[in-house]
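What the coordinates show
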Amino acid sequence: MKFLSLVTALCLFVGAAHAQDTAQQETANMEVETFMLDNGLEVVVIPQRRVPVVTHMLWYKVGSADEAPGHSGIAHLFEHLMFKGTSNNGPGVFDAAVKSVGGEQNAFTSYDFTAYYQQVPPDALEDMMRLEADRMRNLVLTDEVIETERQVVIEERLMRVDNRPSGILREAINAALYRNSPYGRPVIGWMHEIEALTREQLIAFYDRYYRPNNAVLVVAGDVDVESVRELAEKTYGQLETGPELPPRERPTEPPARPEREVRLHDPRANLPSFTLNWFTPAYFSEQRETADALLVLSEILGGGERSRLHQALVVEQRIASAAGAFMDVNRLDYAQFGVYAQPIETRELDAVEQAVNEELQKVIENGISESELETAKKVLASRLIFSQENQMSRAREYGTMLMTGGTVEDFGKTRERIEAVTVDDIREAAQNYLTTQRSAAGYLLPEPPQEEDPA
Amino acid sequence: MKGYRSMKLQSLSHHAASSIALLALALSAFVLPAHAELDIAEVTSERDVTAWLVEDPTDPMVVISFAFLGGTSQDPEGKEGMTDLMTSLLNEGAGDLDSSAFQQRFYETGADLSFRSSRELVAGTIRMLADETEEPLELLKLALTEPRFDEAPFTREQSVAISRVRAEANDPDDQGQRALMAALYGDHPLGRQATVESLQEITRDDLASLHEKTFARSDLFIGAVGNIDQERLATILDEVFGDLPAEADPADVPPPDINFGKKVVQTYDRPQSSIQMVYPAVGAKDAEIYTASLIAEMLGGSGLVSRLFEALREERGLTYSAGAYLDSAPEWGDLTVNFSTRGDQTEQAIDAAQQVIEEFATDGPSQEELDGAKQYSIGSYAISQLSSTSAIARTLVGLQRLGRGRDYLERRVELFDAVTVEDVQDLARQMFSVEPTTLIVGPVEDGDQ
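Residues numbered from 1 in each chain as written. Chains lettered and ligands numbered in written order. Predicted model: local features only at pLDDT ≥ 70, side-chain atom pairs only at ≥ 80, totals over all residues.

**Remarks on the overall build of chain B**
So the rule is basically this: In this description a helix means any DSSP run of H or I spanning at least four residues, a strand means any run of E spanning at least two, and both kinds are numbered starting from the N terminus. In this description the radius of gyration comes from C-alpha coordinates, and the expected globular size is given by 2.2 Å times residues to the power 0.38. Burial is judged by counting other C-beta atoms within 10 Å of a residue's own C-beta: 20 or more means buried, 12 or fewer means exposed, and anything between counts as partly exposed, with every C-beta placed from the backbone.
The helix and strand tally for chain B stands at 17 helices and 13 strands. Relative to the 2.2 N^0.38 estimate, which gives 22 Å for 449 residues, the radius of gyration of chain B is 23 Å and therefore close to what a compact globule would have. For chain B, the spread of C-alpha atoms along the three principal axes comes to 60 × 50 × 40 Å. Across the 449 residues of chain B, 59% fall into the buried class.

Written out as structure tokens, the structure is:
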């Protein structure tokens, strides 16, 4: 399950990425500034001037978790449609402007946000702002454009989900884990609902959410705050503010008693794999200490080769080819904690599952040692600094924070939050939150062996 | 990132033989350097170890990237998987330290060290905090010069590698990729893949001997970036690399004789087909690499604008991703067009792609289209190759490996500018007059097409 180990790295990185120690704060982060335009657009500027590149990202506070029931996939389909041209700049104009300066552009949709970005030389920043501001309000949505792009999104869904057993299983695990929260729905949407989305629904979605007062602009790289302010006023500043949106209060999870697990038998899986997933307090919720404790625990339990799961399952017992843990903190309502293991042979599946549960039980009953905690803190602190080497990851870190309940006061606090975690915090968090009631297990299994013909 | 609108997702699937393709990427698609300004110094130590350095005193980090010639194409017949296995054991014990002691000491430094093998290189990167480099470097030196290949980690990693081969045995994409490599490269080492049997044949002595032949100063390229000055780097070069043997002794691997015109079908009942079409191209050291790179860019390049993207996605909605990329070793290369589409559209999509390619080969690009591709290729270097401390370090290694010279960052602009419409047309005709080798994985029968 390669995708899970990738997720581990990303989540830890992005989630934990906003800290530096004091020295770092001065060299790398001293100049981060924020301001707000009159129309409500919040702007974050992160100067970082080694190479002549600027990352321009516009984030909207809307994602799949904001979709109305029955409209799953609308946030993501809409993201695609944003590339289709406006009344001022026809199809292809924006892409050509990016490409002619050697730039890159793309976008992504998640549960709680949708973001658009370009990486370009600093000279091209004004053009990017003008074009991005333009498509916030002036998109042209014809039936033809929508139908073609719907087909593209259907192909994307086939590629990411329906064509691969791991994609099919992941979708089913989330649906089992969240029975009431919209996190149970796939970001890309259910196929039958993607097929049914209408032009009217898409236009209503655009008019409601694509407004300056529902957006955050993040500019990182070879820029200074004053010129960004000036350019932002000149471009985004001309947009009218939209209607005030209600707070993002989504349905939450009720307590659950039955154990939940999903199993997928698939002929492509020659060896089985196993995951356990929990929904846990969000990173910027009132239970921040719990989120911090679990984040540190994910490193100790399954962050890499020195982690408890890897050591127990891969090195000592030799029953797994891979084992680890991950935590996705880039969400508004719940974070998601998970562990995974791949048995080295099919017959070891039960032993692997048992060993994973034993390792979890050890943490819940005995906690972790002071020295494990100190080492994990040091490693996480280094990694926070390493993650700053890339201006795109810095832009993402600040954008994600503001989309998932963080505020500018949270900038630069991750290191502090990690430092404050104690062994007791970790044991308590594991006891209270890594429970069967908050979890769903997933099994990817080979086809059962064919029955021999008794004759 | 569910909604990533990128077309790059599958772009490296062709390199199934290598563990990680970061360096392969640096050496292939974006081999073309920049006009971005970068002050590169060459540092040579007392013991004659050379590295390129980009010093940045404001950087809190130091990154050192290095690569030895070697790589998976060195694997002897019947022992495929040897280089990957050797690479995976480099952090499993060295000198006086067994696996656990080595890893724990390294882990506690907070630095990070990764090794990877690609087709032609065994490479590594170490990322450190600028004021805490001593212990990580001491451990790196041990890993490079005195790896132990102890029995316990050896048998463990061998079983893990075997398990991974078994895990993929029924996966149509993995099996299709294996079949494609075999079809393209035949008996050449690139056509052979690790199997359960080949992994079982490998011994600890094999790994020790491969290490000895590969890890030497003669075939070594080093890039250092961050808060480190020339003097300190020279000291580090001697400390870490100075004790390596002078001369490497790699096996002589000739370029492959690539088989075109083959058709590989991996039938599997799933909703979508994935298609790869492999055409001849040129090597990274070939004078025509700039032309070839522009061809890939215009046909299916890295932006959201290209002929294939336009025809298959924007006009017809046939695919989420469609692209063309060069896979260029120093001496040879090929170009792969790839896309995926609903099973019942497979034929339609292949026809549409072929039409795009034929038109391009027949009429060539317009001057405007070529100028656009040049502008992109010249301007994109800073973003694609210099976006972080680590990226710069890897780029420095890649440039040295191709013998580019430190002035190459300025020269590349001229080299691109010199390409004419006629150059493109000539090379495109040569490349695309050859029937490609095609892989189709999906709900199609062999003979449907």
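From this point, things continue past the structure.
**Some words on the interface of chain A and chain B**
Applied cut-off: Note on contacts: each residue gets a C-beta atom placed from the backbone, and two residues are in contact if those atoms are within 7 Å.
With 63 residues of chain A at the contact, the number on the chain B side is 57 residues. Residue assignment for the side of chain A that touches chain B shows that the elements contributing at least two residues are helix H2 (22-29), helix H3 (74-81), helix H4 (93-100), strand E4 (104-109), helix H6 (143-162) and helix H14 (370-387) of chain A. If one sorts the elements of the side of chain A that touches chain B by residue count, H6(A) sits on top with nine residues.

**Comments concerning the domain arrangement of chain A**
Residue and element names in this part refer to chain A. Heads up, the condition is: Where each domain begins and ends follows an automated or database-derived domain assignment. In this classification, the charged set is Asp, Glu, Lys and Arg, the nonpolar set is Ala, Val, Leu, Ile, Met, Phe, Trp, Tyr, Cys and Pro, and all remaining amino acids, among them Gly, are polar.
By domain assignment, chain A separates into domain 1 (39-238) and domain 2 (261-445). Contact residues are listed per partner, giving 30 residues for domain 1 and 25 residues for domain 2. Of all elements in the fold, only strand E2 (42-47), strand E3 (54-60), strand E5 (114-120), helix H7 (165-177) and strand E6 (215-221) reach the threshold of two or more residues within the side of domain 1 that touches domain 2. A breakdown of the residues in the side of domain 1 that touches domain 2 according to their chemical character gives 20 nonpolar, seven polar and three charged.

**Regarding the confidence of the model for chain B**
All names here are of chain B. The test is simple: Confidence of the prediction at every residue is given by pLDDT, a number between 0 and 100.
Mean pLDDT over chain B works out to 90, with 90% of the residues at or above the 70 mark. Here residues 1-36 is a poorly scored stretch, pLDDT under 50, and it has 120 contacts once near neighbours within four places are set aside; other chains count. Interface scoring of the predicted complex returns ipTM 0.90; its pTM is 0.91.

**Notes on the pairing of strand E9 (residues 320-328) of chain A**
All names here are of chain A. Basically, it comes down to this: Two strands qualify as a pair provided that DSSP identifies no fewer than 2 bridges between them.
Burial runs high along E9: nine of the nine residues are buried. Looking at chain direction, E9 and strand E10 (residues 334-343) are connected through eight bridges and run antiparallel. In the strand pairing of E10, Ala 325 is matched with Val 339. With antiparallel pairing between neighbouring strands as the criterion, E9 and E10 make up a hairpin whose turn holds five residues.

**Section: the domain arrangement of chain B**
Residue and element names in this part refer to chain B. Taken domain by domain, chain B consists of domain 1 (17-241) and domain 2 (255-381 + 404-442). The gap between the C-alpha centroids of domain 1 and domain 2 is 29 Å. Listed as interface residues are 26 residues of domain 1 and, on the opposing side, 35 residues of domain 2. Counting residues per element, the side of domain 1 that touches domain 2 draws most heavily on helix H6 (residues 172-185), which supplies nine residues. Of the residues contributing to the side of domain 1 that touches domain 2, the split by class is 16 nonpolar, six polar and four charged.

**Observations concerning the sheet that holds E5(A)**
Residues and elements named next belong to chain A. Convention followed: Every angle, taken between N-to-C directions, lies between 0 and 180 degrees, and every axis is a line fitted to C-alpha atoms, over only the stretch in contact when it is a helix.
One open sheet accounts for six strands, arranged E1-E2-E6-E3-E5-E4; its pairing is mixed. Taken across any chain shown, the strands that pair with only one partner, and hence form the sheet edges, are strand E1 (33-36) and E4. On average, each strand axis in the sheet is inclined to that of its neighbour by 15°, with strand direction left out of account. Taken strand by strand, helix H5 (residues 125-137) contacts E3 and E5, and its axis lies near 15° from that of E3.

**Some points on the packing of helix H10 (residues 289-300) of chain B against helix H11 (residues 307-315) of chain B**
Residues and elements named next belong to chain B. Formally: By definition in this entry, angles of less than 35 degrees are roughly parallel, angles greater than 145 are roughly antiparallel, angles of 65 to 115 are roughly perpendicular, and the rest are oblique.
Across the interface, H10 lies against H11 with an axial gap of 3 Å and an inter-helix angle of 20°. Put simply, H10 runs roughly parallel to H11. Residues Met 298, Leu 299 and Gly 300 of H10 form the contact with H11, whose own contacting residues are Arg 307, Leu 308 and Phe 309. In terms of residue class, the contact of H10 with H11 is built from four nonpolar, one polar and one charged.

**Quick word on helix H17 (residues 421-432) of chain B**
Residues and elements named next belong to chain B. The following threshold applies: Under the convention used throughout, the expected extent of a helix is 1.5 Å for every residue step, that is, one less than its residue count. Here the arc refers to the set of directions running from the helix axis out to each C-beta atom.
Here H17 spans 16 Å end to end across 12 residues, near enough to the 16 Å set by a 1.5 Å rise per residue. When we look at burial in H17, the residues that qualify are Val 424, Leu 427, Ala 428, Met 431 and Phe 432. Seen along its axis, H17 keeps its buried residues to an arc of 115°; they face one direction. Elements that come into contact with the buried residues of H17 comprise strand E10 (272-280), H10, strand E12 (333-342), helix H12 (346-363) and helix H13 (367-379).

**What about unusual backbone geometry?**
Even without being glycine, A:Arg318 reaches a positive phi, approximately 55°. Relative to the helices and strands, A:Arg318 is located in the loop between helix H12 (308-316) and E9. Unusually for a residue other than glycine, B:Phe149 sits at a positive phi of about 45°. Position of B:Phe149 relative to the elements: it lies in the loop between helix H4 (134-145) and helix H5 (151-167).

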